[in-house]
Amino acid sequence: MGNFLKHPNGSPELSEGLGRNVRVYIALSVGFAIGILLLTRVVPLERTSIASGWFAMILVCETVADLYPIVYFGFGDSQTEVTVSLGITFAVACIWPPEQAMLLVLTQTIISDILTHKSVDKVIFNGALYTAVVGGTSIIYHYLASAQLNVLEGRNLLGIGLAATYYIGAECLMLSGLFSTLSHRPFGQVLLSFVKQSWLDFAALLPLGMVMVTLFRENPLSILFLVPTFLLLYFSLKREQALRNQTQTILEKLVDILESKAPETAQHSKRVRSWVGAMCDELGIDTGQTDMVLQAAVLHDLGKVGLDDELLRKRGLSSEEFHRIQGHSAMSAELLEGLTLFRGGREIVLHHHERYDGAGYPDHLAGEAIPLGARIIAIADSFDAMI
C-alpha cells in the first residue's frame, strides 16, 4: 500500500497495470474531492485565519509522521500503512478553514508520496482521499462550531462528534471501495474487514486530534506539549510490533530445530506457510487474518518438540504411538496459549488436523465448525506431504 499511513491514512498498493475499473474508481475519487472543494464555496462557514508559520510547521510534522509507518493492513494483495498522523490530520480539519486544510493535506500527501517513491496513480488517489476526507470534516466542524464557545461545549461538541464520524466513515468507505475494486471482492465484505482492522487506530488517535484542537484554541504553542505523546505512542506501537516479530522469530527457530530431527520433513513448515499464503491471497482474506493464519502455519507442528526423535522418524507406528503423535496439535496449542500476541492463532493450530467429514482430531469437528485458517492449513499440510 503505499503511503497509508496516516491513520490510517493511507493508500492501497496499486498494481503495475491498473484495470479500467480501478482507473474509473480513482477518477471518481478525484471528482468527489473536487465536489467537496466546490461545496466549501457554497456552505456558509465560520472561518478563522491561521498564520502561515503554523501551516508550515504542521506540514512538516505530518510529512515526517507519514514517512514512518507503524503497521500494515489491507485486503488480499492490497494494503495500506498506518502512521500516527491521523490525529494531526483530524486536528487540521477542525483548526483550519476547509480550503486551507485541504491544501495542507494535499501538499503533505504529494511530498510524502514523492519522498517514498509512490507511483503516480497512488499519489493521485491519496491526494483525492485526504482532500475529500479532510475537506468534508472541516466543512462539518466549521458549519456547526462557534469560536465563542469552548471546544467541547454545545454546538462545538456536536460539531467535533459529527466531524469525527464523517472522517472515519469517508476514509473507510473510500479505501474499502478501492480494495473491493482491486480484489474483486464484495464491498460489504471488504468494508467489514477494513473496519475490524482499523477501528483501534481511530480509537487511539482521534482523541489525540481532539485534544490538539482544544489546546490550539486556548494557546497554539500548547500543542507542542503533545509532541512527547505522539512520540510515545509511535514507539509503543513499534515496540509491540517488534516484540511480535521477535517472538515469531524465536518460535520459528524452535520449529527449525524440531525439523532438523527429521531431515525428510526439513523446511516443511516454511513450505506449508508458502502454500497457505498463496491460498489466502487467492481467497482475498484481509491482512490481519492472513497474518494470523501464516503464523499458525509456521507453528502448527511446534508441539512435536516434546516427542522422541525416534518416534518422529519411525515409519511404522503402533496405535499407541500414533495416538501420541496425534497429541502434537493440542501440545502446539498449549505452548501458544500463554503468548498473548499469538492467542488468535491457537484455535487454528489446535484444529489443523480436523477433517471436513468429522473424522479428524482432536475434537472431531466437521464442516465449517472447523476454523477457516485450520481448513486452509490442513490442505497445505496434506498437499506438501503428498508432493
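Residues numbered from 1 in each chain as written. Predicted model: local features only at pLDDT ≥ 70, side-chain atom pairs only at ≥ 80, totals over all residues. Heavy atoms only, no water.

1. Details of unusual backbone geometry
Cis geometry marks the peptide bond from Tyr361 to Pro362; its omega dihedral reads 10°. A positive phi angle, close to 55°, is found at His364, a residue other than glycine. With respect to the helices, strands and loops of the structure, His364 is situated in the loop between helix H14 (346-350) and helix H15 (372-386). (Helix = DSSP H or I, 4+ residues; strand = E, 2+ residues; numbered from the N terminus.)

2. Some remarks on the environment of Gly87
As for its placement among the helices and strands, Gly87 is situated in helix H3 (residues 85-95). Looking at Gly87, the relative accessible area reads 0%, which means it is buried. Not counting chain neighbours up to four residues away, the residues in contact with Gly87 comprise Leu205, Gly209 and Phe230. (Buried < 20%, exposed > 50% of the residue type's maximum accessible area, 1.4 Å probe, protein only. Contact = heavy atoms within 4.5 Å.)

3. A closer look at the packing of helix H9 (residues 268-283) against H15
Between H9 and H15, the shortest axis-to-axis distance is 9 Å and the interhelical angle comes to 130°. Judged by the inter-axis angle, H9 sits oblique to H15. Every pair of crossing elements has a handedness; the one defined by H9 and H15 is right-handed. Contact with H9, carried on its side by His268, Arg271, Val272, Trp275, Val276, Met279, Cys280 and Leu283, involves Ile376, Ile377, Ile379, Ala380, Asp381, Phe383 and Asp384 of H15 and no other residues of that element. Across the contact of H9 with H15, the residue classes tally to eleven nonpolar, one polar and three charged. (Axes fitted to C-alpha atoms, helices over the stretch in contact; angles between N-to-C directions. Parallel < 35°, antiparallel > 145°, perpendicular 65-115°, else oblique. Left-handed = near helix turned anticlockwise from the far one by under 90°. Nonpolar A, V, L, I, M, F, W, Y, C, P; charged D, E, K, R; others polar.)

4. Section: the packing of aromatic side chains
One pass over the full model with this rule turns up six aromatic pairs. On the basis of an interplanar angle of 85° and a centroid distance of 4.9 Å, the ring pair of Trp275 and Phe383 is categorised as edge-to-face. Residue Trp275 is located in helix H9, and its partner Phe383 is located in helix H15; the two are separated by 108 residues in the primary sequence. Classification of Trp275 as partly exposed rests on a relative accessible area of 32%. Residue classification places Phe383 among the partly exposed positions, given a relative accessible area of 35%. Among the aromatic side chains, those forming a connected cluster through ring pairs are Trp54, Trp96 and Phe216. (Phe/Tyr/Trp six-rings, centres within 6.5 Å; stacked < 30°, edge-to-face > 60°.)

5. Re the environment of Ala170
Structurally, Ala170 is set in helix H6 (residues 154-183). Judged by its relative accessible area of 10%, Ala170 is buried.

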